[in-house]
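So you can see what is in the structure, the chains are spelled out below.
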Amino acid sequence: MMDDDMMAVFRQEATDLIESLERGLLDLSDSPEDRDLINAVFRDLHTIKGSGAMFGFADMAAFVHAFESAFDLLRSGKAVVTPEIIRLALSARDEIIGFLADEPDPDGRRPAILSALEAAVGGSGVATAPAAAAAATAAPPADRLWFRLTGNALALGARPDLLLAELRELGATDIRADLSAVPPLDALDPEVCMIGWSMSFPNRVTREAIDSVFLFNEVDLRLEAAPATAPAAAPAPAAPMPAAPVPAAAAPPPPAAPRKAADEAAGADKGGATMRVAAERLDHLMDRVGELVIADARLLQLAQQSRDPALMAAAEEISRLAAGLRDTTMRIRMMPVRSMVGRFRRLIHGLSEMVGKPVSFVVLGEETELDKTVIEQLADPIVHMLRNSVDHGLEAPADRAAAGKPAEGRITLEAEQSGAEVVIRISDDGRGLNRERIRAKAIANGIIGPDAILTESAMNALILEPGFSTAEAITEISGRGVGMDVVKKTIEGLRGSIEVQSVEGRGTTFTLRLPLTLAIIEGLLVEVAGERFSIPLAAVQEIVELPSDRREEDGSADFLDVRDRLVPLVRLRRIFSSPGTPDEFQTVVIVRAGETRAGAVVDRIIGTNQIVIKQMSRLHNGIRAFSGATILGDGTVALILDVPHLAGVGQGVEDRRGAAA
């Protein structure tokens, strides 16, 4: 019997295989002539079938077997990949998930899908016994195969009938059962297979093809090559197996070297072995590492205060080990963008058919890694943007032809790491934003005044406001104005930023900038009016001294010239309403969020430290200036400044300057 742990492992591995199958089918829709993709899809189906049969999902194994048989015609070149075959194959893939969830099929969808798939490929994909026999007769001499399932294969769900069906597909003929080892009825063990089988094979069938049939079964197997001098007609097997019980002395000799096909298929290379760990355990480990980092900072501070060389040496060694453990734990939490791309490709594929717009979806940099917490919360916002790109961004084929564009629209998702953040761009080659319509809609909704003067970036950002939509009609996909504001809130909740760039008639690009992790980062500790704050070090470009003539705020022209480029100043004392007068010597920390820069004016730079980010309570959700808090080595709390918010304040200063000009 299968225990719960084994079944959980099977379900997880089956889910991974189903995702791989979906990726392969979508890739195949773009490259229907790619033989490697067809073989990869076939291997996924074969693996799902074998493992499903092993774990007792007999109905699923039978369904996938028929699915696999249809695809075997594609693999053998007897049929070609068409959009209809891909559509039906994706529907069949969805039904495999239903088998795993033990969902019934009251409407008979599954047989209908298989019948339609069989018709689409032009046949059943299963070689009939007479045809296989004729092929074997036409290609003498024939090899002889003998096998018997061993161990507790039947208890694990092995299906000899499915194995024999696969062997027939490979060309097996003259299949005979060997009952010589079957004991009396009172000694029969129903979980042990005592029957063996023998059959003839045309010598064009390779040993690798035969081994693939037994990939998930323990089996004794012998393949005897036919003599080269064997006559062409009516070849006789070297050791024919009787169809009825015979005395034990007449039983076929056991294989000289019994083996397990699964062991041989596994390969000798164990270097890439992996182990599945529950996400909750990783979260627990990350919490403990965070507490260790805080305790390490406290220990270093105490060691420095004591000035004991031995204690300082031990503290530094512990600090080094803690840093290594932190980095290793962070890498464990990282996941590639590829892990969420599959659902996007399927989404685009379905939306393309729904709205009648052919779409090419291109993904670049899918190996770029992000913290799993960011990945989990990022999927839904990207879905919103992709749906809008298909529905609003891309024109209908006729409109694209009139504009001199190819009929097939193009949507690109690109990810890349830039320092301690990941940049994700979602772009289309559609109609772009109509700024006149955006402005009219914003005025009608009371978002801006009729006399408002906005920069191009500020105008584009209006589409991120709550309830804003320029859609002329509400569709099943979009148009209700609930989506882009949710996207903005989610991205900001991840301590990221979103920018919109558009060229009318050429397309729109959304740029998301997100931190690599939400757990532990390097920070710059600063002081403002006696209070300590931390700024994410990855966002700091440079630090300069504030000139004496700029110590006081100068209205709308509060800028600092840094190497012939004006940087808007954000005076933290004024933002925080801090009491007292500024220090005589102040410092400007120039930070950057996307393409926007701002100079945060602080009283003093304390140094760098590791920030273990603690989330703010719900009572502080409305405070935009801070993205979280951290505990310092002396046990006090320092708030973490929200760099995108600081950059936004700086952008406001720059916009006021532009309006005044």
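Cut-off values and rules
Residues numbered from 1 in each chain as written. Predicted model: local features only at pLDDT ≥ 70, side-chain atom pairs only at ≥ 80, totals over all residues. Heavy atoms only, no water. Core = buried A, V, L, I, M, F, W, Y, C linked by side-chain atoms within 4.5 Å. Buried < 20%, exposed > 50% of the residue type's maximum accessible area, 1.4 Å probe, protein only. Helix = DSSP H or I, 4+ residues; strand = E, 2+ residues; numbered from the N terminus. Contact = heavy atoms within 4.5 Å. Axes fitted to C-alpha atoms, helices over the stretch in contact; angles between N-to-C directions. Parallel < 35°, antiparallel > 145°, perpendicular 65-115°, else oblique. Left-handed = near helix turned anticlockwise from the far one by under 90°. Nonpolar A, V, L, I, M, F, W, Y, C, P; charged D, E, K, R; others polar. Salt bridge = Lys/Arg side-chain N within 4 Å of Asp/Glu carboxyl O. Pairing = 2+ DSSP bridges. UniProt positions renumbered as here; feature names shortened; annotations may be inferred. Phe/Tyr/Trp six-rings, centres within 6.5 Å; stacked < 30°, edge-to-face > 60°. Lys NZ or Arg CZ within 6 Å of the ring centre and 35° of its normal. pLDDT = per-residue confidence, 0-100. Lys, Arg positive; Asp, Glu negative; His and termini not counted.

**With respect to the nonpolar core**
- Counting residues in hydrophobic clusters, the biggest one holds 45 residues, and the most contacted among them are Leu378, Ile382, Met385, Leu386, Ile424 and Leu512.
- Element by element, the count of residues in this core is highest for helix 13 (residues 372–393), at eight residues.
- Excluding residues that lie within four positions of it along the chain, Ile424 makes contacts with Leu370, Leu378, Leu413, Glu414, Ala415, Phe510, Thr511, Leu512 and Leu514.
- Judged by nonpolar contacts, the second largest core, of 40 residues, contains Ile18, Phe57, Val81 and Ala92.

**Section: helix 7 (residues 160–170)**
- Those residues of helix 7 that sit buried are Pro160, Leu162, Leu163, Leu164, Glu166, Leu167 and Leu170.
- Looking one or two residues beyond helix 7, the residue adopting positive phi is Gly171, at roughly 115°.

**Things to note about the packing of helix 4 (residues 83–100) against helix 12 (residues 338–355)**
- It is at 13 Å that the axes of helix 4 and helix 12 come closest, and there the two elements cross at 130°. Looking at the two axes, helix 4 sits oblique to helix 12. The two elements helix 4 and helix 12 meet at a crossing, and its hand is left-handed. Contacts between helix 4 and helix 12 pair Ile86, Arg87, Leu90, Ser91, Arg93 and Asp94 from the former with Arg346, His349 and Glu353 from the latter.
- When the residues that make up the contact of helix 4 with helix 12 are grouped by side-chain class, the tally is two nonpolar, two polar and five charged.

**A closer look at unusual backbone geometry**
- The residue Asp174 is not glycine, and still its phi comes out positive at about 55°.
- Residue position: Asp174 is located in strand 2 (residues 173–178).

**What about the pattern of salt bridges?**
- The full count for this structure, using the stated rule, is 30 salt bridges.
- A salt bridge links Lys49 to Glu68; the shortest N-O distance between them is 2.7 Å. One end of the pair, Lys49, is in helix 2 (residues 35–54); the other, Glu68, is in helix 3 (residues 58–75), with 19 residues separating them in the sequence.
- One salt bridge connects Lys405 with Glu395, and the closest N-O pair in it is separated by 2.9 Å. Linking Lys405 in the loop between helix 14 (397–402) and strand 8 (409–418) with Glu395 in the loop between helix 13 and helix 14, this pair joins segments that are ten residues apart in sequence.

**Focus on the sheet that holds strand 15 (residues 559–561)**
- With respect to topology, five strands assemble into an open sheet ordered 14-17-18-16-15, the strand pairing being mixed. Every other strand in the sheet has two partners, leaving strand 14 (540–545) and strand 15 as the edge strands with one partner each. On average, each strand axis in the sheet is inclined to that of its neighbour by 35°, with strand direction left out of account.
- Two strands pair when backbone bridges link them, and strand 14 and strand 17 (residues 587–593) are joined in this way by five bridges, in the antiparallel orientation. If you follow Ile543 over to strand 17, its bridge partner there is Val589.

**A closer look at the UniProt feature "modified residue: Phosphohistidine" (unreviewed entry) in the protein**
- Mapped onto this numbering, the UniProt entry annotates "modified residue: Phosphohistidine" (unreviewed entry) at His46.
- Judged by its relative accessible area of 9%, His46 is buried.
- Once residues within four sequence positions are removed from consideration, His46 is found in contact with Glu68, Glu166, Ser212, Val213 and Phe216.

**Here we look at the sheet that holds strand 9 (residues 421–428)**
- Spatially, the five strands line up as an open sheet ordered 6-8-9-11-10, and their pairing is mixed. Each edge of the sheet is formed by a strand with only one pairing partner; in this case those strands are strand 6 (359–364) and strand 10 (497–503). Each strand axis lies, on average, 15° off the axis of its neighbour in the sheet, ignoring direction.
- Inspection of the sheet shows strand 10 paired to strand 11 (residues 507–515) by seven bridges, in the antiparallel sense. Opposite Val500, over in strand 11, you have Phe510 as the bridge partner.

**Description of the packing of aromatic side chains**
- Using the criterion set out here, one finds seven aromatic pairs in the structure.
- Judged by centre distance (6.0 Å) and plane angle (70°), the ring pair of Phe67 and Phe71 falls under edge-to-face. A residue pair is termed a helical-turn pair when its members lie 3 or 4 positions apart in one helix, as Phe67 and Phe71 do in helix 3 at four residues.
- Take Phe67: its relative accessible area is 0%, and that puts it in the buried class.
- Linked through ring pairs, Phe147, Trp197 and Phe214 together constitute an aromatic cluster.
- Positioned above the aromatic ring of Phe42, the side-chain terminus of Arg75 is 3.7 Å from the ring centre.
- Taking the ring centre of Phe99 as reference, the NZ or CZ of Arg110 above it sits at 4.1 Å.

**Considering the side chain of Lys49**
- With relative accessibility at 3%, the residue Lys49 sits in the buried group.
- Excluding its chain neighbours within four sequence positions, the residues that come into contact with Lys49 are Ala61, Val64, His65, Glu68 and Glu166.

**Quick look at the environment of Val562**
- Residue placement: Val562 occurs in the loop between strand 15 and strand 16 (566–571).
- Each C-alpha atom of the pair Val562 and Val544 lies 8.7 Å from the other, and the pair is 18 residues apart in sequence.
- In this view, Val562 contacts Glu542, Val567 and Ile590; residues no more than four positions away in its chain are not counted.

**A short note on the pairing of strand 10**
- For strand 10, the tally of buried residues reaches five of seven residues, placing the bulk of the element in the interior.
- Hairpin remark: strand 10 followed by strand 11, antiparallel, with three residues in the connecting loop; positive phi at Gly505, about 90°.

**Some details on the confidence of the model for the protein**
- With 82% of its residues at a pLDDT of 70 or more, the protein has an overall mean of 78.
- Predicted confidence in the protein is weakest over helix 6 (residues 129–138), with a mean pLDDT of 37, and strongest over strand 6, with 92.
- In the predicted structure, residues 124–140 sits below a pLDDT of 50 and forms 21 contacts with residues beyond four places in sequence or in another chain.

**Things to note about the side chain of Asp296**
- Structurally, Asp296 can be placed in helix 10 (residues 279–306).
- Salt bridges are absent for the buried Asp296, whose nearest opposite-charge side chain, Arg326, sits at 8.1 Å.
- Filtering out sequence-adjacent residues up to four positions away, Asp296 remains in contact with Ala315, Ile318, Ser319 and Ala322.

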